Amino acid sequence: MGRRRTETPGRGTRRAGTALLAPGALLLAGAVVDEAAGAGLGWIFALCAAAAAALAAVLCARAHAWWVLAAPPLVIAAVAVGAQLVAAPAGPGGGTLAAAVHWALDTFPAMAAAEAAAALVLAVRTFRPGRGRRACHA
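What you are looking at is a predicted structure, and each value in this text was computed from that prediction instead of being measured.

Caption draft 1: Local environment of the overall build of the protein. Across its full length, the protein carries 4 helices and 0 strands. Order of helices (α) and strands (β) in the protein, N terminus to C terminus: α-α-α-α. Residue burial in the protein is summarised as follows: out of 138 residues, 28% are buried.

As structure tokens, then:
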């Protein structure tokens, strides 16, 4: 018959939670640091976005790796809009289409860096030699 699973219940749920929370916290930390510096979202945010996407790609299960490539632009956009609204609340004309375009242009480097980092990590995970071998041959 088949092998019996000895995994503890909820282990997959904890791993999924870690795969979401740790990169999310890293991304938020980058936004906070960049906004605290006073220049808006910049290179620190972009580096943290890339690191968060790479971390998510490392932590995710292979079966769910597709979301690591799909999520960064949406998550980065949400964090950026939140950071911009908290740092500079909309004044007379602050909520215009021009402001939204400005935010999108400011976050594009972070989105591109996150996508590149996630794609690189997933490619390495897919094509690395010795994939599937056990570390212990005892």
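Caption draft 2: Structural view of the nonpolar core. Counting 25 residues, the largest nonpolar core has L27, F45 and I76 as the members making the most contacts within it. Put simply, the parts of the chain that give this core at least two residues each are α1 (11-37), α2 (43-59), α3 (66-87) and α4 (97-127). Of the residues forming this core, the biggest block, 8 residues, is contributed by α2. Residues in contact with L27, not counting those within four places in the same chain, are F45, A49, A52, V75, I76 and V79.

Reading the values: the criteria
Residues numbered from 1 in each chain as written. Predicted model: local features only at pLDDT ≥ 70, side-chain atom pairs only at ≥ 80, totals over all residues. Heavy atoms only, no water. Helix = DSSP H or I, 4+ residues; strand = E, 2+ residues; numbered from the N terminus. Buried < 20%, exposed > 50% of the residue type's maximum accessible area, 1.4 Å probe, protein only. Core = buried A, V, L, I, M, F, W, Y, C linked by side-chain atoms within 4.5 Å. Contact = heavy atoms within 4.5 Å.

Geometric values such as these leave the question of function open.
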